[in-house]
Amino acid sequence: MGDRDRETAYAKLNLALHVRKRLDNGYHELETLFAFLDQGDVVSVQPGEGVDLEISGPFADGLSKTDNLVVKAAHLLAEHSNGQQGARLHLEKNLPVASGIGGGSADAAATLRLLNRFWGLGYDGDTLAEIAAPLGADVPACLLSQTCRGTGIGQDLDIMAGNDLAGLCALLVNPLVPVSTADIFASWDGVDRGPLIGDAILSIAQSGRNDLQKPAISLVPILTDVLGLLMECQPVLARMSGSGATCFALFDSYAAAETAESHCQQGMEGVWTMKGMFR
């Protein structure tokens, strides 16, 4: 199977996530700094009639083959292009589900990129983003899979110039405790603590925060232990991503991230870890 027939659903990090206010439609106004790693789930495709999905990988158990964002993305794209295409899709689920690192949103985005190419549709990024809008607030950013600033509900995107994340290695650690995004947002205290500050990617991240980290810890106390283990390794930055429960730390080298990974695995039984470089 060649590159034309497969697409990586890159893991997403919120290097910073500022919640500014609740909106009447149930969403929240956000300012966030998205970044993407070179690792993730993998979506592949073969010719077929209609849209079918098979799922494998360490986090495949319990995932629906029909009520899945991969299938929904494929149907949306087919409908937009007059519904004549078919695809046998396969999702290799390497990332934990509902873990604050893209997950289903990244899978949907990868599906749109893949089928746009596989079906020869030739849609540009703006068109794909428009098609992706109903699939979730993170899907347009995951379509780009580039470091960008997100505003509004996270769908208004500005690609960040420069690349001061180059050479940094990210370590992701998840205690495999399920969290509800809705519950985390509902536990936010409603206080606007201000906007993202700065122009350079790393300085914005370091001066920023994740406003969902405190409510997540109140619901999933073990996150305190995860972040403590990461901080013991003296990272450039350590924080929770999205609504959790994945936490991350940035290191100056792959070797430092590898050492930190061993430290976390020894300090907490049963955690999921992944290392990755930034795209």
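See the structure printed just above.
Residues numbered from 1 in each chain as written. Predicted model: local features only at pLDDT ≥ 70, side-chain atom pairs only at ≥ 80, totals over all residues. Heavy atoms only, no water.

1. A look at the pattern of salt bridges
Cut-off, in case you're wondering: Salt bridges are defined as contacts in which a side-chain nitrogen from Lys or Arg sits within 4 Å of a carboxyl oxygen from Asp or Glu. A 1.4 Å probe rolled over the protein chains alone gives each residue an accessible area, and that area as a share of the maximum for its type sets the label: buried under 20%, exposed over 50%, partly exposed in between.
Counted by the stated rule, this structure contains 13 salt bridges. A salt bridge links Arg209 to Asp211, with the nearest nitrogen and oxygen atoms 2.6 Å apart. Asp211 shares its class with Arg209; the two are buried. Through salt bridges with shared partners, one network takes in Glu7, Arg113 and Arg117.

2. Some thoughts on the pairing of strand S2 (residues 28-46)
We apply this condition: Numbering of helices and strands runs from the N terminus, with a helix taken as a DSSP run of H or I at least four residues long and a strand as a DSSP run of E at least two residues long. Strands were regarded as paired on the criterion that DSSP finds at least two bridges between them.
In terms of burial, S2 is largely enclosed, as 15 of its 19 residues are buried. As consecutive antiparallel partners, strand S1 (residues 6-22) and S2 are separated by five residues, and within that stretch Gly26 has a phi angle of approximately 95°, a positive value. Here S2 runs beside strand S5 (residues 148-151); their pairing, made up of three bridges, is antiparallel. Considered in S5, the bridge of Thr32 is made with Gly150.

3. Examining the packing of helix H1 (residues 69-80) against helix H2 (residues 104-118)
Using the following cut-off: For helices, the fitted line uses only the C-alpha atoms of the stretch in contact; every axis is such a line through C-alpha atoms, and the angle between N-to-C directions lies from 0 to 180 degrees. Each crossing gets its hand from how the near helix is turned against the far one by less than a right angle, where anticlockwise is left-handed and clockwise is right-handed. In what follows, a contact means two residues having at least one pair of non-hydrogen atoms within 4.5 Å. Any residue outside Ala, Val, Leu, Ile, Met, Phe, Trp, Tyr, Cys, Pro, Asp, Glu, Lys and Arg is labelled polar, Gly included; the first ten of those are nonpolar and the last four are charged.
Where H1 meets H2, the closest approach of the two axes is 8 Å, and the angle between their N-to-C directions is 35°. Crossing handedness for the pair H1 and H2: right-handed. In this structure, H1 contributes Leu69, Val70, Ala73, Ala74 and Leu77 to the contact, and H2 contributes Gly104, Ser105, Asp107, Ala108, Thr111, Leu112, Leu115 and Asn116. Grouping the constituent residues of the contact of H1 with H2 by class yields eight nonpolar, four polar and one charged.

4. Considerations on unusual backbone geometry
Ala245 follows Gly244 through a cis peptide bond whose omega is 10°. Relative to the helices and strands, Ala245 resides in the loop between strand S8 (237-240) and strand S9 (247-251). Positive phi is not limited to glycine here, since Ala98 has a value of about 50°. With respect to the secondary-structure elements, Ala98 resides in the loop between strand S4 (87-92) and H2. The phi dihedral of Leu176 falls on the positive side, at around 60°, and the residue is not glycine. Structurally, Leu176 is set in the loop between strand S7 (169-174) and helix H5 (181-187).

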